[in-house]
Each structure stands twice: as C-alpha cells, then as structure tokens.
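Descriptive structure summary
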Amino acid sequence: QVQLVESGGGLVQAGGSLRLSCAASGRAFSSYTMGWFRQAPGPGNEREFVAAISYSGGSYSGGRTYYTDSVKGRFTISRDNAKNTVYLQMNSLKPEDTAVYYCAAVRFMIVYSSRSYNYWGQGTQVTVST
C-alpha cells in the first residue's frame with residue numbers, strides 16, 4: 001500500500017513558477033513509476049497526464065521522464081528515492097495550467113493513462129492568474 005500527499009500548490013501570476021512535491025509512504029518507492037496528472041475546472045474535464053518518471057528495478061536503472069506536449073520545456077519532473085518524494089517544477093506558468101494537480105503511482109510499469117495508476121494523492125490546487 002502506498003499513500004501519497006501532495007503539497008506546493010497555490011496562486012501565481014502568469015509567467016511565474018511553482019514546485020509541487022509528493023511525499024510517499026510505504027515500501028519500495030523506487031519500484032513505482034510516479035506520475036503527475038491534472039484536472040481543470042468545469043464539467044466534462046477529464047484528468048489528463050502531465051508528466052511521469054519511471055521506476056527502477058532489476059537491470060532497469062529507471063529515471064526516464066515523459067511529458068505531455070503542452071508542458072515540455074516548462075515543467076520538470078524529478079524524484080528523490082532516498083526521501084520517497086517526487087517533484088514537479090513548473091516554470092513559465094500559463095492560465096491554462098490552472099487545475100488540481102494529482103500525484104499517482106504504479107509499480108513496475110511505464111504508462112500514461114490515469115486508469116493504470118493504482119495510488120493517488122488528494123490533489124493540490126494550482127491557479128495561474130493573468
């Protein structure tokens with residue numbers, strides 16, 4: 001069982017930066033691919049993939065990163081396995097980045113679909129003003 005707690009959200013002006021953190025409890029953190037997803041306000045908005053960083057295990061060294069096109073060059077995902085924490089550094093924020101951001105985990109897989117992730121945090125609100 002893995003429990004995830006996000007922090008670091010808030011209100012920022014367009015062009016500003018935020019760093020989200022996700023602290024994980026449980027064992028074998030390094031064996032989980034960690035993902036960030038977001039869900040914008042409004043009916044019908046689905047939870048969309050933002051970024052992921054791969055697990056490590058066996059002969060696979062892991063640490064590969066994946067991003068949705070709209071955040072490439074602006075967001076950076078990283079992890080500190082010693083601290084059981086994953087981060088999302090968000091720079092050059094835009095109003096369209098406004099959403100609730102969720103941290104998620106899945107073991108020994110590299111996937112982009114929210115349906116494949118087994119564990120979720122409660123979410124942290126990010127609001128980018130014009």
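Report on the accompanying structure.

Cut-offs and rules
What you see as residue numbers is a count from 1 along each chain, following the sequence as written. Confidence filtering applies because this is a predicted model: local features only for residues at pLDDT of at least 70, side-chain atom pairs given and counted only at 80 or more, and all residues used for totals across whole chains, interfaces and linings. As a rule here, side-chain values cover all heavy atoms of the structure and leave hydrogens and water aside. The secondary structure listing takes helices from DSSP runs of H or I that are at least 4 residues long and strands from runs of E that are at least 2 residues long, numbered from the N terminus. To sort residues, take the accessible area from a 1.4 Å probe on protein chains only and compare it with the maximum for the residue type: under 20% means buried, over 50% means exposed, and anything in between is partly exposed. Strand pairing is assigned whenever DSSP identifies at least 2 bridges connecting the two strands. Fitted lines through C-alpha atoms give the axes, limited to the stretch in contact for helices. The angle between two N-to-C directions lies from 0 to 180 degrees. Any two cysteine sulfur atoms within 2.5 Å of one another count as a disulfide. Just to be clear on terms, a salt bridge is a Lys or Arg side-chain nitrogen sitting within 4 Å of an Asp or Glu carboxyl oxygen.

1. Here's the deal with the environment of Arg 115
Mapped onto the elements of the fold, Arg 115 is located in the loop between strand 9 (99–107) and strand 10 (119–120). Take Arg 115: its relative accessible area is 77%, and that puts it in the exposed class. C-alpha of Arg 115 to C-alpha of Arg 74: the two residues are 41 residues apart in sequence and 25 Å apart in space.

2. So, the sheet that holds strand 1 (residues 3–7)
In space, the 4 strands of this open sheet follow the order 1-3-8-7, with antiparallel pairing throughout. The strands lining the two open edges of the sheet, one partner per strand, are strand 1 and strand 7 (75–80). For this sheet, the mean inter-axis angle between neighbouring strands, taken without regard to orientation, is 15 degrees.

3. Section: the state of the cysteines
Simply put, disulfide is the name for a covalent bond between the sulfur atoms of two cysteines. Here the structure, examined in full by the defined rule, presents 1 disulfide. Disulfide pairing places Cys 22 opposite Cys 103 at an S-S distance of 2.1 Å. Between Cys 22 and Cys 103, the S-S dihedral sits near -80 degrees, and the bridge is therefore left-handed. Residue Cys 22 is located in strand 3 (residues 18–25), and its partner Cys 103 is located in strand 9; the two are separated by 81 residues in the primary sequence. In this pair, the class of Cys 22 matches that of Cys 103, namely buried.

4. Notes on the pattern of salt bridges
What the rule picks out here adds up to 4 salt bridges. In this structure, the salt-bridge partner of Arg 38 is Glu 48, at a minimum N-O distance of 2.7 Å. Residue Arg 38 is found in strand 4 (residues 32–39), and its partner Glu 48 is found in strand 5 (residues 48–53); the two are separated by 10 residues along the sequence. Taking relative accessible area as the criterion, Glu 48 reaches 34% and is therefore assigned partly exposed. Ionic pairing is found between Arg 74 and Asp 97, a salt bridge with its closest N-O pair at 2.8 Å. Of this pair, Arg 74 sits in the loop between strand 6 (65–67) and strand 7 while Asp 97 sits in the loop between strand 8 (85–90) and strand 9, and the two are 23 residues apart along the sequence. The pair formed by Arg 74 and Asp 97 is uniform in burial state, with each residue classed as buried. Connected through shared salt-bridge partners, Arg 38, Glu 48, Arg 74 and Asp 97 make up one network.

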